[in-house]
Amino acid sequence: MTAENVTLPPLAGAIKKALPKVPCAASLTKTDLDLRVAPADLLALVQGLKDHPDLGFDYLRNVTGLDMQENGLELKYHFYSFKHGHTVQVTVATPPGESHLPTLAGLYAAADWHEREAAEMFGFVFDGHPDPRNLLLEEDLRIHPLLKAHPLQPVEIVQGIEDGRAGFEF
Amino acid sequence: MSIWPEERLDHVDTEGFHTVDMTINVGPQHPATHGVFRMLLTVDGELVTACRPYIGYLHRGLEKLSELNDYRQAMGFWDRTDYLAGLLCEQAYCMAVEKLADIEVPERAEYIRVMLSELSRINSHFMFLGAFGADVGSFGTSFTYAWRERERIYDLIEEVSGDRMFPTYCRPGGVTMDLPENFEKRCREVLGHIYQGIDDLDGLLTGNEIFVERCRALSPLTTERAINLGVTGPVLRSTGLAWDLRKAEPYSVYPHLKFDIPVGLRGDVFDRYMVRLAEMYQSARIVEQCLEQLPGGPFLNPNLPKNLRIDDAEAYVRIEGTKGEYGVYALAKGGNKAYRMKLRSPSFCNLSALSEMVVGHYVADAIIILGSLDIVLGEVDK
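**Examining the domain arrangement of chain B**
Residues and elements named next belong to chain B. Looking at chain B, the domain boundaries give domain 1 (10–54) and domain 2 (62–381). The C-alpha-based centres of domain 1 and domain 2 are spaced at 32 Å. Carbon and sulfur atoms make up 75% of the area that domain 1 and domain 2 hide from each other, which totals about 1500 Å². Interface area lost by domain 1 to domain 2 is led by His34, Phe37 and Val48, which between them contribute 37%. For the pair domain 1 and domain 2, the number of links is zero salt bridges. Listing elements by their share of the side of domain 1 that touches domain 2, those giving two or more residues are strand E3 (22–26), strand E5 (35–36), strand E6 (38–44) and strand E7 (47–54). By residue number, the principal contributor to the side of domain 1 that touches domain 2 is E7, which donates six residues. Its residues placed into classes, the side of domain 1 that touches domain 2 shows 13 nonpolar, four polar and one charged.

What follows is the structure in structure tokens.
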């Protein structure tokens, strides 16, 4: 999001030093340090962020799904460390049509509902999630309303087409 | 242990009794669920063995609406999230937009926002005290006591903004209009009533031995578990961790204000209640300081564009909401509408801890534990 010449906060150096084997690109948002990783490296990065004593990210603040249209889906995690008081944002981009990510529910109990919400709203699939049902939407609804392509007016018609349930012939 | 209603579990206990687990449905239309919230409780006699919450009855597509309306229009939806403290949500939303667009806010506007947000926090906590008292068994008495003071706060907010619950009073860059002329006098009058009201409820509830005995040592939460579950706000502070975003990541004019963070000792239901009670005094203290320090000058940034357009920018702005960390993730990619707005709702995260917290307790206590989380369904369901 920001220009290359911006100096990164010391936290970026600390993460680089603590987790030298995980390839990630650091940048700055308006509020936090952002780390961009590939889906395959996500678990290693998050495990390191949580367990390393200099980082100690013990609290998952937020999980945000994003529809980047032709670039596929993105997921943003925000972690906070109560010990050090710092925040990091982790961005994972998934290619179009392959929105599989490992679940973080084993590391952070808070991830459970956040991931269920991202799954129903965007169509992410969290491999190994303990309870992958819809959360805010109806349980048998298979539409993803926060996708940019999701139509606004004829939602009920789309439900009928995608669901194929009896009584939805329009 | 089973959470599936169809998997009824037969088992024989240590004394040879043959029992069958039963599933009972609570809500969504039930006074104890504080809104449209439903939970399926699997019970073994009186003891809860599993709890399965169902939410989404109040889902209004806040995030989609925020992508479809421009920055000023979308704000009106946000005070419908935590509708007990609408001004706090507006403040968070406006702070997110201001962060994206680097808009400066005049100091007077910051003070007005903080003052009204703290009044809203008191309002929300009054609601908690009233409803929680009713959950535990004080029938309508605590409710009427709390409502009396809430009406006074709503009247004051109405005098300032023109609306009671959904003021739509903040704007990116300040607030819509200045405070009315006699605001200071009126506010001090209301504050006097607030102090009296908190004392009354304190006497009614904390002074009642039955209330205290029902709440004490019930469903204690450890700090480590609370953090892992993503629980924030008074529920986290009741476990003994003094973490309040107003101090941990200071925003607005909170660095200029003096207040303490009340914490609990054991993280049980009683501590959650006491933390909120003590927080109300601190909020009233903040309002008093704001009245004294309130600077003059403009209440809205005079250099705002008529149609706000924001280029590529990304921010995660968080404030201490009434229930915990109220976060707004915002992404702009040009144009006058946000590309994505996401609410990190404290009630949502606190409620996700419920199923773990009620297991092993009596059904009647499950209602109290739910009440002690102080959820507001508008914020849970977005």
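**Remarks on the nonpolar core**
Ranked by size, the top nonpolar core spans 160 residues in total, and within it Leu49, Tyr77 and Phe79 of chain A together with Leu354 of chain B carry the most contacts. The next biggest cluster of nonpolar side chains, apart from the first, holds six residues, and it includes Leu66 and Met68 of chain A together with Tyr329 and Leu331 of chain B.

**Structural notes on the packing of aromatic side chains**
Tallied over the full model, the rule gives 21 aromatic pairs over all chains. Pairing Tyr59 of chain A with Trp243 of chain B gives two aromatic rings, centres 5.9 Å apart and planes at 85°, and the pair type is edge-to-face. Here the residue Tyr59 of chain A occupies a position in strand E3 (residues 59–67), and Trp243 of chain B occupies one in the loop between helix H9 (234–237) and helix H10 (245–248), the pair thus bridging two chains. One aromatic cluster is present, built from ring pairs that chain together Phe128, Phe132, Phe211, Phe270 and Tyr273 of chain B. One cation-aromatic arrangement involves Lys50 of chain A over Tyr108 of chain A; the distance from NZ or CZ to the ring centre is 5.3 Å. Its guanidinium or amino end placed over the ring of Tyr339 of chain B, Lys148 of chain A lies 4.1 Å from that ring's centre, counting from NZ or CZ.

**Things to note about the sheet that holds strand E10 (residues 313–320) of chain B**
Residues and elements named next belong to chain B. Spatial strand order, E10-E11-E12: three strands in an open sheet with antiparallel pairing. Lying at the two open borders of the sheet, with one neighbouring strand each, are E10 and strand E12 (340–344). Direction aside, the axes of adjacent strands within the sheet are offset by 10° on average. Across eight bridges, E10 lies against strand E11 (residues 325–332) in antiparallel orientation. By the bridge assignment for E11, Arg318 is matched with Gly327. Seen against the sheet, helix H3 (residues 86–101) touches E10, E11 and E12 and runs at an angle of roughly 150° to E10.

Here is what the cut-offs are and how they apply
Residues numbered from 1 in each chain as written. Chains lettered and ligands numbered in written order. Predicted model: local features only at pLDDT ≥ 70, side-chain atom pairs only at ≥ 80, totals over all residues. Heavy atoms only, no water. Domains from an automatic or database assignment. Buried area = accessible area lost by both parts, 1.4 Å probe. Salt bridge = Lys/Arg side-chain N within 4 Å of Asp/Glu carboxyl O. Helix = DSSP H or I, 4+ residues; strand = E, 2+ residues; numbered from the N terminus. Nonpolar A, V, L, I, M, F, W, Y, C, P; charged D, E, K, R; others polar. Core = buried A, V, L, I, M, F, W, Y, C linked by side-chain atoms within 4.5 Å. Buried < 20%, exposed > 50% of the residue type's maximum accessible area, 1.4 Å probe, protein only. Phe/Tyr/Trp six-rings, centres within 6.5 Å; stacked < 30°, edge-to-face > 60°. Lys NZ or Arg CZ within 6 Å of the ring centre and 35° of its normal. Pairing = 2+ DSSP bridges. Axes fitted to C-alpha atoms, helices over the stretch in contact; angles between N-to-C directions. Contact = heavy atoms within 4.5 Å.

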